[in-house]
Amino acid sequence: PAGVPAQTSSGPVAAVGAVAGDSACVAIGRAVGPERWGWQRRGRVGRAIARARALVLRRPATLVLTARYIPFARIAVNLSFGAARLPWRRFLPLSALAGTAWALYNVAIGALFGAVFADTPWLGIVVSVPVAIAAGAGIDLLLGRRAAYAGDMSSDDKATAASDETKRKFREALERKKQNTQNR
């Protein structure tokens with residue numbers, strides 16, 4: 001019908017746009033880095049950046065694929081991926097997979113709601129918003145219960161403990177790199 005985008009072209013266009021946007025975030029992360037400004041190295045921000053870097057180094061696939069579905073999380077993950085200076089050859093296939101899955105999922109949801117509410121598109125909006133809110137609340141509830149069973153240490157404490165070790169290893173690696181550069 002007129003005014004309705006073809007599903008066959010919507011998916012690939014959305015996937016390419018997703019990869020392009022994610023790649024821009026990685027490029028910004030690489031350009032800015034994790035220590036350009038003092039506020040990035042101190043306090044809560046410094047600890048958060050260290051935690052993000054540690055997670056990106058340990059679980060890049062999980063983060064890139066999961067963050068694609070979480071607003072603002074994908075920006076943070078992709079900036080962290082770039083700041084950690086992980087290679088493009090590792091990022092681009094993950095981003096392509098995540099972007100393609102995300103695009104197909106959204107095209108399928110759009111097609112479903114479009115077919116069910118073809119004669120009353122306003123009703124599709126009225127129904128889809130509460131469905132999205134309920135799905136989000138359900139996911140938050142499940143994640144909250146999972147976190148409650150994670151043990152006595154809070155997630156912030158666990159991340160801080162891990163980030164201290166990561167910071168130490170990172171400082172040692174930087175020191176080795178500096179020494180190698182001076183020895184040349």
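None of these values were measured; they are calculated from a predicted model.

**Topic: helix α1 (residues 7–32)**
Along its 26 residues, α1 runs 38 Å from first to last C-alpha, staying within 8% of the 38 Å computed at 1.5 Å per residue. Within α1 the residues assigned to the buried category are G11, A15, A18, V19, D22, S23, C25, V26 and G29. In this fold, the buried residues of α1 make contact with α4 (73–83) and α5 (88–116). Residue G33 follows α1 closely and has a positive phi angle near 75°.

**Some details on the packing of α1 against α5**
Orientation of α1 relative to α5, taken along the N-to-C sense of each, is 140°, at an axis distance of 8 Å. Here α5 runs oblique to α1, going by the angle between their axes. Relative to α5, α1 is oriented so that their crossing is right-handed. Between α1 and α5, the contacting residues are Q7, S10, G11, A14, A15, A18, V19, D22, S23, V26, A27 and R30 on the first element and W88, F91, L92, S95, A96, G99, T100, W102, A103, V107 and A111 on the second. Looking at side-chain class alone, the contact of α1 with α5 contains 14 nonpolar, seven polar and two charged residues.

The rules behind the values
Residues numbered from 1 in each chain as written. Predicted model: local features only at pLDDT ≥ 70, side-chain atom pairs only at ≥ 80, totals over all residues. Heavy atoms only, no water. Helix = DSSP H or I, 4+ residues; strand = E, 2+ residues; numbered from the N terminus. Expected span 1.5 Å × (residues − 1). Buried < 20%, exposed > 50% of the residue type's maximum accessible area, 1.4 Å probe, protein only. Contact = heavy atoms within 4.5 Å. Axes fitted to C-alpha atoms, helices over the stretch in contact; angles between N-to-C directions. Parallel < 35°, antiparallel > 145°, perpendicular 65-115°, else oblique. Left-handed = near helix turned anticlockwise from the far one by under 90°. Nonpolar A, V, L, I, M, F, W, Y, C, P; charged D, E, K, R; others polar.

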